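Here are the chains, one letter per residue:
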Amino acid sequence: MSEVPPTDEGWFVLHDFRTVDWDAWREAPTHRREAAVGDGVEYLRKHESIADAEEGSSAVFSVLGHKADILITHFRPTLDALSRAERQFEQTTFAGFTTQPTSYVSVAEISGYTTPGYFENPDAADEGLRQYMQGKLTPEIPNKDYAGFYPMSKRRGETYNWYDLPIDERAEMMEAHAETGKEYAGKIKQVIASSVGFDDYEWGVTLFADDPTDIKDIVYEMRFDEVSAKYGEFGTFYIGQRFPPADLGALLEG
Amino acid sequence: MSEVPPTDEGWFVLHDFRTVDWDAWREAPTHRREAAVGDGVEYLRKHESIADAEEGSSAVFSVLGHKADILITHFRPTLDALSRAERQFEQTTFAGFTTQPTSYVSVAEISGYTTPGYFENPDAADEGLRQYMQGKLTPEIPNKDYAGFYPMSKRRGETYNWYDLPIDERAEMMEAHAETGKEYAGKIKQVIASSVGFDDYEWGVTLFADDPTDIKDIVYEMRFDEVSAKYGEFGTFYIGQRFPPADLGALLEG
Amino acid sequence: MSEVPPTDEGWFVLHDFRTVDWDAWREAPTHRREAAVGDGVEYLRKHESIADAEEGSSAVFSVLGHKADILITHFRPTLDALSRAERQFEQTTFAGFTTQPTSYVSVAEISGYTTPGYFENPDAADEGLRQYMQGKLTPEIPNKDYAGFYPMSKRRGETYNWYDLPIDERAEMMEAHAETGKEYAGKIKQVIASSVGFDDYEWGVTLFADDPTDIKDIVYEMRFDEVSAKYGEFGTFYIGQRFPPADLGALLEG
Amino acid sequence: MSEVPPTDEGWFVLHDFRTVDWDAWREAPTHRREAAVGDGVEYLRKHESIADAEEGSSAVFSVLGHKADILITHFRPTLDALSRAERQFEQTTFAGFTTQPTSYVSVAEISGYTTPGYFENPDAADEGLRQYMQGKLTPEIPNKDYAGFYPMSKRRGETYNWYDLPIDERAEMMEAHAETGKEYAGKIKQVIASSVGFDDYEWGVTLFADDPTDIKDIVYEMRFDEVSAKYGEFGTFYIGQRFPPADLGALLEG
Amino acid sequence: MSEVPPTDEGWFVLHDFRTVDWDAWREAPTHRREAAVGDGVEYLRKHESIADAEEGSSAVFSVLGHKADILITHFRPTLDALSRAERQFEQTTFAGFTTQPTSYVSVAEISGYTTPGYFENPDAADEGLRQYMQGKLTPEIPNKDYAGFYPMSKRRGETYNWYDLPIDERAEMMEAHAETGKEYAGKIKQVIASSVGFDDYEWGVTLFADDPTDIKDIVYEMRFDEVSAKYGEFGTFYIGQRFPPADLGALLEG
């Protein structure tokens, strides 16, 4: 058996995708639309405001294309809190104008490939690293305009099998990968969350950027990293734009 | 032909997933909601109480994400009893607020890879082992808060083909795998059920834990075991939280 | 080109799967339910009774899980007769409470891998073999409680390619496979039908047994046969229980 | 780059599959059914009669199983004419009792693998070959009772890659394949149409036969041809029976 | 890590596919149809006219087969503008007669494989090349009758892995590929847009032609190019015909 890297886990994550039932929306009388928007805005505001209380964070994005219209991303300390956030949405009038085409469940995770020292003795780590790691585990949603999301796994192919490699080789590839990431410092913020045992791929990756082309660039450049080129398996990609809860009505009006 | 491991079979298993029709729920008048909850609670209670009569066991879980909202797990001595449990659910008013997006049919199974002596002569086994084996075949649902479920098969690849390996190699890998499992004793309870000939993968795995991170950890750690790294093929993963039947109404109210 | 084995064909086969629309059923007034059951029972009885007239055979099974609720299996001398059986079902009131989630079209087939002599000169074969072969081509549905169904193909992989093997190797593997089957004589009756050119896999396999565990056991044991281990590709598996047409109403009442 | 075989193209082809909405049909009052049948028959007659005008050909088949109930096959000189045929169907009352579960778009094609001389100088070819080729490009729908359809591609595997082979090897395999086809002369008529750039596989194959077992036999026998064994990738298979437009009502009545 | 080719990005692209709800259309009263056509034509005209303002370009196509009936292609300088175009369609009465079965999100892209000099110093490039490149980034929709669309990725197989090749080998294959493209100059106009990080494949390819057979020919011929033969992975193919907005009503009338 290959050596398992140490990991630490933080907030649980739900990517809750919603598709607008445009037929119902178009045909609804004004008062129902207003009630739905009012209800939806209140739900979104309440869930975004939780960030102030250090009990998690949430944000809402409009999504391009047929896969979804809206993405609500929730980070919470427990799966229960995620489940409640998902079910409370269903109690809103606005939910009646949506369906849930897909979703993704994961938990924010750091692993010891690139910072083995931290995992051997976190308390001995310098404050900066400790805060950096904490930020990975309980991520604030950054003030950036766009978000991309995709799930991914490491390949267990008959020739290239990540889980069959010595940990040193894996760590080396992960470090080179991290180097690529550093080129995008300031432009891209990335949240990595494990979905092993929770959802169909092994990780969910959320990328935040002010320029959506940076999202294309980082994913493309990283695809040439050995770890992605030989060992990456990618699921569906989503791209969306953040909007303040108050703009929900404007979004629905086109 | 490679040698077939001996197996023994116990209770049949149905994982019955249900999605709530939230639109119907939201729009239903209070008395219909109350009738549905009353009916649903009664169904769940009756099926959970069967455990007392040693005729099987059942439990209900809320499920995160779009794949389902509720998972009802039934263990029964016959397929007929499972079929009745599935059809009797459909007779409830509550069923009218749900659809069945997926399900999984299997039979609790033990195999002789790690305990060949037991299969050669079960009666000669010590009482502890006999009870342990019996517990695998007629599993009680443990008092744990979370459950994960996934189906899996052994790979029949063109290079790595489980069914083409000598039984000694398979047994060795299964034993190493069992060692990994033992590290989670007390934290994880696992039920293995064969779905060969019954459903689309070869086994269904149900993991019970009080901390959902333990579910992530065991699945991740096991992925580095040779048997999973080279020979595991995994289907869809589901994660849910157990709730007492009496809480069905609270769950639906968000 | 590898040598093609001789084959002979018998009755055409339709596996007609139906899902009950439980919402419609639950909400239907008693007289509509009664009309539907009456109509359904009459359809099933009429199609099962055809067996007496040596014009084919039909049987009905309840199916576990979400993939279907009912399986009607028809064997008929012509595709036209199958098509009529499928369309006549749609004329019943009962059909209005069902949808058709899937189906499988094939033709009962024997091949010369294990009995080449028979194909060289069927008339010279002894009476027992001739009747055995005839039974494979025009199969009676046996008096057994359970049925399993799955489609399968032979692998055309880049390393293991069934269609690229010399016929002697194929025949040898098929004979070893048949030996495994003989261990289940009396417990399992198997119907093999080719769906090459008719449906998405190359064969449909129907297994009949009084004990569903025998179905699990034979499929599992055969998976270790070289022909399955290296060359088998399996589709969706279904498991059901036979019921007499008169029990249709009881089935629907839970 | 491997040498590209010369090709010539003829009529465009639409396989338009339709599923009957049996619930709507069953519940429709007689006058609506009659109107639908009248409309449907008129549509089918009009489109079949086009054959007389040498502007294409059309035919209608009943299809077995859940994938579709009806297949309308149109051959036309332009994609526009196909598009109109598809949209004009939607103008009929009958269309209101159907949905379109799938379809296939292609163009009748001949290639120079087996007759390179013809492509070097078609005018120098003898009249018989010229007519044969013309018949491939503007195919009449033969007077046969059954039709099978499936899409296919040539494999671009990591070991067996059709597009990486020298043209001589490809031509040799195609000729051997054609030899197999000739054994079925009179029993099977085959139409080959390219869907490269138009639909999801590279070719659509339509087989016509009076005995559906011949369709099974030719596809099975060809599977042992090297070109199929190593390089064939097959999609979904459909099998249907031709019926004259006037029989549409009888078909719907069971 | 293999060297990443330089890229430049232009307009964002949305391929917005729509399926007509023919049942609703057939049953709608004339005034609702007229309102829908009026609304739809206005939407299409307004979005096509944007081309005059150099703020992007849009065009509409009828699509053959079941995958969609209509394709609206939008090129815009920002993702926001694409999102608005998508949502504004939903505000039309016409949208009520359609669903959105699929879509594709990408960004027009040029890469430095075949013109590395341009990327080293674009300003030093001659005016012709600069205009050519600009035309690739902000493509006008050409005056051609037909359009084909498909998404594609470069293979990351265990033997043939594009992202693991030296950049020289990749550049050589891309140049040979471009040579094939040049044979179709005048007949085919091609728009390449990257969907890395945005959608499920890595690129979306749109081909415009007056003769749809040219689309078949170029895709087929290119399949023999080493870059496609060994490294191309293709998704779903769509084929459609351009129509002026004013013809929307005629299209819907058959």
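Residue positions are counted from 1 within each chain, in the order its sequence is given. Lettering of chains starts at A and numbering of ligands starts at 1, both following the order in which they are written. Thresholds applied to this predicted model are a pLDDT of at least 70 for local features of residues and 80 or more for the giving and counting of side-chain atom pairs; totals over whole chains, interfaces and linings are not thresholded and use all residues. Calculation of side-chain values draws on the structure's entire complement of heavy atoms; hydrogens and water are dropped beforehand.

Brief notes about the overall build of chain A
Stated formally: Going along the chain from the N terminus, every DSSP run of H or I of four or more residues is numbered as a helix, and every run of E of two or more is numbered as a strand. Only C-alpha atoms enter the radius of gyration; for comparison, a globular chain is expected to reach 2.2 Å times N to the power 0.38, where N is the number of residues. Summary of the burial criterion: residues with accessible area below 20% of their type's maximum are buried, those above 50% are exposed, and those between are partly exposed, where the area comes from a 1.4 Å probe applied to protein chains only. For the purpose of counting charges, residues Lys and Arg are taken to be positive, whereas Asp and Glu are taken to be negative. His and the chain ends are not included. Every charge is mapped onto a representative atom, which is NZ of Lys, CZ of Arg, CG of Asp or CD of Glu.
Of regular secondary structure, chain A possesses nine helices and 10 strands. Relative to the globule expectation of 18 Å for 254 residues, the C-alpha radius of gyration of chain A, 19 Å, shows essentially globular dimensions. Here the C-alpha coordinates of chain A stretch approximately 65 × 40 × 30 Å along the principal axes. Per-residue burial over chain A gives 63% buried out of 254 residues. Side-chain charges of chain A comprise 24 positive and 46 negative groups, with the mean position of each set lying 4 Å from the other.

Let's talk about the relation of the copies chain B and chain C
The condition that has to hold: Only residues with pLDDT of at least 70 in both copies count here: their C-alpha atoms drive the least-squares fit that superposes the copies. Two residues form a contact once any of their heavy atoms are found within 4.5 Å.
Take chain B, turn it by 72°, move it 0.0 Å along the axis, and it overlays chain C with an RMSD of 0.0 Å. Given the turn and translation reported, the copies of this chain are related as if by a five-fold rotation axis. Relative to the rotation axis, the C-alpha of Glu158 of chain B is the closest in chain B, positioned 6.8 Å from it. The two copies present different faces, since only 4% of the interface residues in chain B are matched by interface residues at the equivalent positions in chain C.

Here's the deal with the relation of the copies chain B and chain A
Two copies of the chain are present, and they differ by a rotation about an axis and a shift along that axis. With an RMSD of 0.0 Å, the operation that places chain B on chain A is a rotation of 72° combined with a shift of 0.0 Å along the axis. Residue by residue, only 5% of the interface of chain B is reproduced at the interface of chain A, so the copies engage with different surfaces.

Quick word on the arrangement of the chains
At the level of C-alpha atoms, the two units chain A and chain C stay apart, their nearest approach being 12 Å. At the level of C-alpha atoms, the two units chain B and chain E stay apart, their nearest approach being 12 Å.

Structural notes on the packing of aromatic side chains
All names here are of chain D. The cut-off we apply is this: Whether two aromatic rings pair depends on their centres lying within 6.5 Å, for rings of Phe, Tyr and Trp, where Trp uses its six-membered ring; planes under 30 degrees apart make the pair stacked, over 60 edge-to-face, and the rest tilted.
On inspection of all chains with the given rule, the structure shows 98 aromatic pairs over all chains. On the basis of an interplanar angle of 85° and a centroid distance of 5.9 Å, the ring pair of Phe89 and Phe94 is categorised as edge-to-face. For Phe89, a relative accessible area of 2% corresponds to the buried category. According to the relative accessible area criterion, Phe94 is buried, its value standing at 3%.

Quick look at the interface of chain B and chain C
Put simply, the test is: Summed over both partners, the accessible area lost on bringing two parts together, with a 1.4 Å probe, is the buried area. Salt bridge criterion: a side-chain nitrogen from Lys or Arg within 4 Å of a carboxyl oxygen from Asp or Glu. Polar contacts, as counted here, are pairs of nitrogen or oxygen atoms within 3.5 Å of one another; within protein the pair requires one atom able to donate a hydrogen and one able to accept it, and residues that are adjacent in sequence qualify only if both atoms are side-chain atoms. Polar here means any residue outside two lists: the nonpolar Ala, Val, Leu, Ile, Met, Phe, Trp, Tyr, Cys and Pro, and the charged Asp, Glu, Lys and Arg; Gly therefore counts as polar.
Contacts between chain B and chain C engage 45 residues on the former and 43 residues on the latter. Between chain B and chain C lies a buried interface of about 3,800 Å² when both sides are counted; carbon and sulfur atoms form 54% of it. On the chain B side of the interface with chain C, the three residues burying the most area are Arg156, Glu158 and Tyr163 of chain B, jointly 19% of the side's total. Taken together, the connections running from chain B to chain C amount to seven salt bridges. Where Lys216 of chain C meets Glu9 of chain B, a salt bridge forms, and the shortest distance between an N and an O atom there is 2.6 Å. If you look at where chain B meets chain C, you find 24 residue pairs in polar contact (both at pLDDT 80 or more). Counting only elements with at least two residues in the side of chain B that touches chain C, the list comes to β1 (7-20), α3 (79-90) and β5 (103-111) of chain B. Of the residues that constitute the side of chain B that touches chain C, the class distribution is 16 nonpolar, 14 polar and 15 charged.

So, the packing of helix α6 (residues 167-182) of chain B against helix α7 (residues 212-223) of chain B
All names here are of chain B. Rule in force here: Inter-axis angles, ranging from 0 to 180 degrees, are taken between N-to-C directions of lines fitted to C-alpha atoms, where helices are fitted over the stretch in contact. In this scheme, roughly parallel covers angles under 35 degrees and roughly antiparallel covers those over 145, while 65 to 115 is roughly perpendicular and the rest are oblique. The handedness criterion is simple: a crossing whose near helix is rotated anticlockwise from the far helix by less than a right angle is left-handed, and one whose near helix is rotated clockwise is right-handed.
Contact geometry of α6 with α7 gives a least axis separation of 10 Å together with a crossing angle of 155°. Classed by the angle they form, the pair α6 and α7 counts as roughly antiparallel. Crossing hand, α6 versus α7: right-handed. Residues His177, Thr180 and Gly181 of α6 form the contact with α7, whose participating residues are Ile218, Glu221 and Met222.

Observations concerning the pairing of strand β3 (residues 70-76) of chain B
In summary, the side chains of a regular strand alternate between the two faces of the sheet. Residue and element names in this part refer to chain B. Condition: Paired strands, as defined in this entry, are two strands with at least two bridges between them according to DSSP.
Burial within β3 is extensive, with seven of its seven residues counted as buried. Of the two faces of β3, the one carrying Ile70, Ile72, His74 and Arg76 and the one carrying Leu71, Thr73 and Phe75 are both buried. Relative to β3, β1 is paired through seven bridges, and the arrangement is antiparallel. Each bridged residue has a counterpart across the sheet, and for Val13 the counterpart in β3 is Phe75.

Structural notes on the interface of chain B and chain A
Between chain B and chain A, the contact holds 43 residues from the first and 45 residues from the second. Regarding the contact of chain B and chain A, the summed buried area is about 3,800 Å², with carbon and sulfur atoms giving 55% of it. The interface formed by chain B and chain A contains seven salt bridges. The residue Glu109 of chain A makes a salt bridge to Lys216 of chain B at a minimum N-O spacing of 2.6 Å. Between chain B and chain A we count 24 residue pairs in polar contact (both at pLDDT 80 or more) in total. The set of elements that each furnish at least two residues to the side of chain B that touches chain A consists of α1 (22-27), β2 (57-63), α7, α8 (226-231), β9 (232-234), β10 (238-242) and α9 (248-252) of chain B. Top contributing element to the side of chain B that touches chain A by residue count: α7 of chain B, with nine residues. Across the side of chain B that touches chain A, the residue classes tally to 18 nonpolar, 12 polar and 13 charged.

A word on empty space enclosed by the protein
What counts is decided by this rule: Residues are said to line a cavity or pocket when one of their atoms sits within 4 Å of a point; the points come from a 1 Å grid over protein atoms alone, cavities being sets where a 1.4 Å probe fits but cannot get out and pockets being open sets with protein on both sides within 12 Å along at least five of seven lines. Grid points are joined across faces, edges and corners, and a volume is the space filled by probe spheres set on the points.
The volume enclosed by the largest cavity comes to roughly 90 Å³. Lining of the largest cavity is provided by Arg18, Ser83, Glu86, Arg87, Glu90 and Gln100 of chain A together with Trp22, Ser62, Val63, Asp69 and Leu251 of chain B. Elements that contribute at least two residues to the lining of the largest cavity include exactly α3 (79-90) of chain A together with β2 of chain B. Looking at the lining of the largest cavity, its residues break down into three nonpolar, three polar and five charged.

Topic: helix α3 (residues 79-90) of chain D
Residue and element names in this part refer to chain D. We count it as follows: Between the first and last residue of a helix there are one fewer steps than residues, each counted as 1.5 Å, and that sum is the expected span.
Over its 12 residues, α3 extends 17 Å from the first C-alpha to the last, a length consistent with the 16 Å expected when each residue adds 1.5 Å. Of all 12 residues making up α3, nine are buried, and the element is well covered by its neighbours. Looking at α3, one finds that the buried residues are Leu79, Ala81, Leu82, Ser83, Ala85, Glu86, Arg87, Phe89 and Glu90.

A closer look at the environment of Asp225 of chain A
All names here are of chain A. On the secondary structure map, Asp225 appears in the loop between α7 (212-223) and α8 (226-231). Taking the C-alpha atoms as reference, Asp225 lies 36 Å from Glu86; in sequence the two are 139 residues apart. At a separation of 2.7 Å, a polar atom in the side chain of Asp225 contacts the side chain of His177.

As for the pattern of salt bridges
A side chain with one charge may pair with a side chain of the opposite charge, provided their charged atoms come close. Considering all chains together, one arrives at 85 salt bridges over all chains under this definition. Note that Glu179 of chain D and Lys182 of chain D form a salt bridge whose closest N and O atoms lie 3.2 Å from each other. Taken as a pair, Glu179 of chain D and Lys182 of chain D lie in helix α6 (residues 167-182) at a separation of three residues, close to a single helical turn. Among the charged side chains, a network of salt bridges with common partners joins Asp16, Arg18 and Glu90 of chain A together with Asp23 and Arg26 of chain B.

Comments concerning the side chain of Arg26 of chain E
Examined against the element boundaries, Arg26 of chain E turns out to sit in helix α1 (residues 22-27). Look past the residues within four positions of Arg26 of chain E in its chain and what remains in contact with it is Glu90, Gln91, Thr92, Ala95 and Gly96 of chain D together with Arg33 of chain E.

Some thoughts on the environment of Tyr113 of chain A
Tracing the chain through its elements places Tyr113 of chain A in the loop between β5 (103-111) and α4 (116-120). Linking Tyr113 of chain A and Glu158 of chain A, residues 45 residues apart in sequence, is a C-alpha distance of 23 Å. Every residue in contact with Tyr113 of chain A, bar those within four places of it in the chain, is listed here: Pro5, Trp162, Ile167, Arg170, Ala171, Met174 and Glu175 of chain A together with Tyr220 and Phe224 of chain B.

Notes on the pairing of strand β10 (residues 238-242) of chain C
All names here are of chain C. In terms of burial, β10 is a largely internal element, four of the five residues being buried. Where strand β2 (residues 57-63) lies against β10, three bridges are found, and the strand directions are antiparallel. What sits directly across from Ser62, in β10, is Gln241.

Considerations on a negative patch on the surface
All names here are of chain A. Convention followed: A patch is a set of surface residues, each over 30% in relative accessible area and not in a salt bridge, joined within 9 Å for like charges and within 5 Å for the nonpolar side chains Val, Leu, Ile, Met, Phe, Trp and Tyr. Here the accessible surface of atoms and residues is derived via Shrake-Rupley with a 1.4 Å probe, and residues count as covered only by protein chains that are part of the display.
On the surface, Glu3, Asp168, Glu169, Glu172 and Glu175 cluster together to form a negatively charged patch. Positionally, Asp168 belongs in helix α6 (residues 167-182). Accessibility expressed as a relative area gives 59% for Asp168, which makes it exposed.

Considerations on helix α2 (residues 30-49) of chain E
One turn of the α-helix equals 3.6 residues, which is why residues spaced by three or four share an orientation. Residue and element names in this part refer to chain E. Defined as follows: Starting at the helix axis, one direction is taken to each C-beta atom, and the arc is that of these directions.
For α2, with 20 residues, the first-to-last C-alpha span of 28 Å sits near the 28 Å given by 1.5 Å per residue. Of the residues making up α2, those classed as buried are Arg33, Ala36, Val37, Gly40, Val41, Tyr43, Leu44, His47 and Glu48. Seen from one end, α2 has its buried residues packed into an arc of 160°, which puts them on one side. Pointing more than 90 degrees away from the buried face of α2 are the exposed residues His31, Glu34, Glu42 and Lys46. Among the structural elements, α1, β2 (57-63), β3 (70-76), α3 (79-90), β10 (238-242) and α9 (248-252) are those in contact with the buried residues of α2.

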